[in-house]
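The lines below spell out each chain.
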Amino acid sequence: MLKNNFEKSKNYFKEKYGLGLDNPIVIIFIGYFLIFLLAIPYFGEFGLNSLLKMILVVFGNLAIFSIPFFINFEKKMKLDKLNLKMFSGVLLGFSMFFGVFVLSGSVLSAILFSGLVFLILHIFIKNYYSEKISKIMFLIGVVSFLAMVLNYGTIPITDYTVRMAISDDPLRLISSGALTFASLFNFGYFLVSFAILAVTGYKANVLVLIVAFLLYNYKNNKISAKKIFLIGIFTVLFLGIMAKAILSSSGQSWSLNFLEILSYRAYFDLMTLEKIIMYPTALYGKIAFTPGGESLIGEIIHGYRHNITSTLFGPIYLDLGYYSLIFSLIFGIISKLIYKKSDTKIYSIYGAVLLSMCEIGINYGFLVTMLMFLYVSENLHKKPIINKKIF
């Protein structure tokens, strides 16, 4: 009886509002729910007042983010009359140009980089439905990983110094992106990609790979919510084991086991969010709207310069305070456009990235990535889906 009522309720919200497991609202809710759940052993460190403030900020922003999904904002804002292909292209071009210019100080480098990215995107879009695209992307991913290993002379997860050195390495970024995309075509590709990304040593990449694979098969009715739940438990446990392995290679001495590390990490994320909420002034774009600005969170909040995770809405709240609600509305509008217009594979990767950002926090790189997804979504025509059970 209880199970039947749950199924009816789930189907009602999915059919009426599109609130399935693949919906951005649900993805963000699950991400924050897991963080709060894992941090429960440390709730006593916060106090009731701090917990209530964090819940208010998080779910207040999520509520505003959700508004576009419940109203026909396209007509109300006359977005249907706006050339979104051109508009998204202009936004993406400007964001890339600005990012490269700030980091390099060179106008020429910014122009060349932006032009190269647009060229690659259009080649990708033109060949998206080619039968060879999965093999090509898989090959690019594997070769990029091997080139990175040869360049550094070791497997990244075994050497903490190397792992930190490849954080912005183009080879790592190309490898993780190409392998994640290729894994959606073939379960064998998924297994190989899983192994490669695991030994690369970045938990976020592994999470994106698994979640993208699950979302893609969920959207194509190839896997049930129950199986996603079970695989989700395995994923959390595996990420904990990865965290323990990474810390072991760093030379740091931690007495916590892999589950306790996950719990402490969630507590640290919320502790950072708590300090952000209590910070006396807004930083007006120095964090999320500045390339590399996320490293300032550690310096400002904890007193040392380091990339500190602060949960999805943390950096935006530090930048804008209560005005972060305006950003969350725009964020929701763009996410709905990607959700509604993207090809299934493209959205599955975006949804997976969105979940990973629930811990990391919005940064400039994510904003550029989001605009890239929007641009591809507006320029790529959908292809009919053929359902085929794999589980």
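In this report, the structure presented in the accompanying data block is examined. (Residues numbered from 1 in each chain as written. Predicted model: local features only at pLDDT ≥ 70, side-chain atom pairs only at ≥ 80, totals over all residues. Heavy atoms only, no water.)

**Overview of unusual backbone geometry**
Then, number 1: One non-glycine residue, Tyr284, lies in positive phi territory at about 50 degrees.
Then, number 2: Note that Tyr284 resides in the loop between helix H13 (258-278) and helix H14 (295-302).
Then, number 3: The backbone of Thr311 sits at a positive phi, close to 70 degrees, despite the residue not being glycine.
Then, number 4: Within the secondary structure, Thr311 is located in the loop between H14 and helix H15 (314-320). (Helix = DSSP H or I, 4+ residues; strand = E, 2+ residues; numbered from the N terminus.)

**Details of the packing of helix H17 (residues 344-360) against helix H18 (residues 364-379)**
Then, number 1: Interaxial distance between H17 and H18 falls to 11 Å at its minimum, and their mutual angle equals 165 degrees. Viewed along their axes, H17 and H18 adopt a mutual orientation that is roughly antiparallel. Where H17 crosses over H18, the handedness of that crossing is left-handed. Here Ile346, Ile349, Tyr350, Val353, Leu354 and Met357 of H17 come into contact with H18, specifically with Phe366, Met370, Phe373, Val376 and Ser377. (Axes fitted to C-alpha atoms, helices over the stretch in contact; angles between N-to-C directions. Parallel < 35°, antiparallel > 145°, perpendicular 65-115°, else oblique. Left-handed = near helix turned anticlockwise from the far one by under 90°. Contact = heavy atoms within 4.5 Å.)

**What to know about the environment of Gly20**
Then, number 1: Positionally, Gly20 belongs in the loop between helix H1 (2-17) and helix H2 (24-38).
Then, number 2: Remark: the alpha-carbon pair of Gly20 and Lys219, spanning 199 residues in sequence, is separated by 9.1 Å.

**As for the packing of helix H3 (residues 48-70) against H13**
Then, number 1: Between H3 and H13, the least distance of the axes is 10 Å, while the angle of their chain directions is 85 degrees. Accordingly, the angle class assigned to the pair H3 and H13 is roughly perpendicular. For the pair formed by H3 and H13, the contact residues are Ser50, Lys53, Met54, Val57 and Val58 on the first element and Leu270, Leu273, Glu274, Ile277 and Met278 on the second.
Then, number 2: The class makeup of the residues in the contact of H3 with H13 is 7 nonpolar, 1 polar and 2 charged. (Nonpolar A, V, L, I, M, F, W, Y, C, P; charged D, E, K, R; others polar.)

**Regarding the packing of aromatic side chains**
Then, number 1: Taken as a whole and assessed by the stated rule, the structure comprises 34 aromatic pairs.
Then, number 2: Relative to Phe190, the ring of Phe187 lies with its centre 5.9 Å away and its plane at 20 degrees, an arrangement referred to as stacked. One end of the pair, Phe187, and the other, Phe190, are both in helix H10 (residues 187-200), 3 residues apart, so they sit about a helical turn from each other.
Then, number 3: When the ring of Phe187 is compared with that of Phe213, the centres are 5.9 Å apart and the planes differ by 40 degrees; the resulting orientation is tilted. Remark: Phe213 occurs in helix H11 (residues 203-219) and Phe187 occurs in helix H10; sequence separation between them is 26 residues.
Then, number 4: Among the residues examined, Phe187 registers a relative accessible area of 45% and is labelled partly exposed.
Then, number 5: Connected via pairs of aromatic rings, a cluster forms that spans Phe65, Phe69, Phe289, Phe327, Phe331, Tyr339, Tyr347, Tyr350, Phe366 and Phe373.
Then, number 6: Lying over the aromatic face of Tyr202, Arg163 brings its terminal NZ or CZ to 4.4 Å of the ring centre.
Then, number 7: The ring of Tyr202 carries the charged tip of Arg172 above its face, separated from the ring centre by 4.0 Å. (Phe/Tyr/Trp six-rings, centres within 6.5 Å; stacked < 30°, edge-to-face > 60°. Buried < 20%, exposed > 50% of the residue type's maximum accessible area, 1.4 Å probe, protein only. Lys NZ or Arg CZ within 6 Å of the ring centre and 35° of its normal.)

**Notes on a nonpolar patch on the surface**
Then, number 1: Together, Phe94, Phe98, Phe101, Val102, Leu103, Val107 and Ile111 make up a nonpolar patch on the protein surface, roughly 650 Å² of accessible area in all.
Then, number 2: When residues of the nonpolar patch are traced back to their parent elements, those giving at least two are helix H5 (84-104) and helix H6 (107-126).
Then, number 3: When residues in the nonpolar patch are grouped by element, the largest group, 5 residues, is from H5.
Then, number 4: When you line up the elements, Phe101 lands in helix H5. (Patch = residues over 30% accessible without salt bridge, like charges linked within 9 Å, V, L, I, M, F, W, Y side chains within 5 Å. Areas by Shrake-Rupley, 256 points an atom, 1.4 Å probe, with all protein chains shown as cover. Salt bridge = Lys/Arg side-chain N within 4 Å of Asp/Glu carboxyl O.)

**Considerations on the pattern of salt bridges**
Then, number 1: Counted by the stated rule, this structure contains 4 salt bridges.
Then, number 2: A salt bridge links Arg265 to Glu359; the nearest nitrogen and oxygen atoms lie 3.1 Å apart. Of this pair, Arg265 sits in helix H13 while Glu359 sits in helix H17, and the two are 94 residues apart along the sequence.
Then, number 3: The class for Arg265 is partly exposed, based on a relative accessible area of 32%.
Then, number 4: Under the relative-accessibility criterion, Glu359 is labelled partly exposed at 23%.
Then, number 5: The residue Lys341 makes a salt bridge to Glu378 at a minimum N-O spacing of 3.2 Å. Of the two residues, Lys341 sits in helix H16 (residues 324-341) while Glu378 sits in helix H18, which places them 37 residues apart along the sequence.
Then, number 6: Relative accessible area serves as the criterion here: at 34%, Lys341 is assigned to the partly exposed category.

**Topic: the nonpolar core**
Then, number 1: In this structure, Ile28, Val206, Phe331, Tyr350, Ile362 and Phe366 are the most contacted members of the largest nonpolar core, which totals 114 residues.
Then, number 2: For this core, the element with the highest residue contribution is H11, accounting for 12 residues.
Then, number 3: Not counting the four nearest positions on each side in its chain, Ile28 is found in contact with Leu62, Phe65, Leu312, Phe313, Leu354 and Cys358. (Core = buried A, V, L, I, M, F, W, Y, C linked by side-chain atoms within 4.5 Å.)

**What about helix H9 (residues 170-183)?**
One turn of the α-helix equals 3.6 residues, which is why residues spaced by three or four share an orientation.
Then, number 1: In this model, H9 (14 residues) spans 20 Å end to end at C-alpha, consistent with the 20 Å of a helix rising 1.5 Å per residue.
Then, number 2: By the burial criterion, the buried members of H9 are Arg172, Ser175, Ser176, Ala178, Leu179, Thr180, Phe181, Ala182 and Ser183.
Then, number 3: Buried residues in H9 make contact with H6, helix H7 (133-152), H10, H11 and H17.
Then, number 4: One side-chain oxygen of the residue at the start of H9 lies 2.8 Å from the amide nitrogen of Leu171, identifying that residue as Asp169. (Expected span 1.5 Å × (residues − 1). Polar contact = N/O pair within 3.5 Å; in protein donor to acceptor, adjacent residues only side chain to side chain.)

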